[in-house]
Amino acid sequence: MKKVRITQVKSGIGYPLREKMTLRSLGLRKMHQTVEHDANPQIMGMIAKVRHLVKFEEFE
C-alpha cells in the first residue's frame, strides 16, 4: 500500500476550527513537523481540506 508523508508548512492560526482539528487529527501539532500515513481515502480527504497548510508527497 502506498504511503504519504505530510509536513505542516503554514500555521493554522486564523483559520476555522474545523481546519485546525483536521491538522490535529492528521497528527500535526507543530510547524515543519512531518508524519507518515497510509494513503487511504480518509487521509487523502483530510489532506484535501488543509492542502493550503501542508505539503505532501506519496512514496512506497
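Residues numbered from 1 in each chain as written. Predicted model: local features only at pLDDT ≥ 70, side-chain atom pairs only at ≥ 80, totals over all residues. Heavy atoms only, no water.

## Focus: the overall build of the protein chain
Filter applied, for reference: The numbering of helices and of strands both runs from the N terminus, where a helix is a DSSP run of H or I of at least 4 residues and a strand a run of E of at least 2. Atoms counted for the radius of gyration: C-alpha only. Globule rule: 2.2 Å times residue count to the power 0.38. Buried means the residue's accessible area, taken with a 1.4 Å probe over protein chains only, is under 20% of the maximum for its type, while exposed means over 50%, and partly exposed covers the values in between. We call two residues in contact whenever any of their non-hydrogen atoms come within 4.5 Å of each other. Areas reported here follow the Shrake-Rupley algorithm with a probe of radius 1.4 Å; residue values treat only the protein chains shown as occluding. By the counting scheme adopted, Arg and Lys are positive, Glu and Asp are negative, and His together with the chain ends is not counted. Positions of charges follow a simple convention, taking NZ of Lys, CZ of Arg, CG of Asp or CD of Glu.
The secondary structure content of the protein chain amounts to 2 helices and 3 strands. Its helices and strands in sequence order give the protein chain the pattern β-α-β-α-β, from N to C terminus. In terms of C-alpha radius of gyration, the protein chain reaches 11 Å, essentially the compact-globule figure of 10 Å for 60 residues. On the principal axes, the C-alpha backbone points of the protein chain span a range of 35 × 20 × 15 Å. The 60 residues of the protein chain split such that 27% are buried. Taking all contacts inside the protein chain whose residues are at least 6 apart in sequence as the whole, residues at least 24 apart take part in 71%. Surface exposure of the protein chain reaches about 4200 Å², of which carbon and sulfur atoms provide 54%. If the 12 positive side-chain charges of the protein chain are averaged to one point and the 6 negative ones to another, these points end up 10 Å apart.

## Things to note about the pattern of salt bridges
Note the threshold: The salt bridge criterion pairs a side-chain nitrogen of Lys or Arg with a carboxyl oxygen of Asp or Glu, the two atoms within 4 Å.
Counted according to the given criterion, the structure contains 4 salt bridges. Note that Lys-3 and Asp-38 form a salt bridge whose closest N and O atoms lie 3.2 Å from each other. Remark: Asp-38 occurs in strand E2 (residues 34–38) and Lys-3 occurs in strand E1 (residues 3–8); sequence separation between them is 35 residues. Look at Lys-3 and you get partly exposed, because its relative accessible area is 29%. On the basis of relative accessible area, Asp-38 is assigned to the partly exposed category, the value being 34%. Glu-36 is the partner of Arg-5 in a salt bridge, and the nearest nitrogen-oxygen pair spans 3.2 Å.

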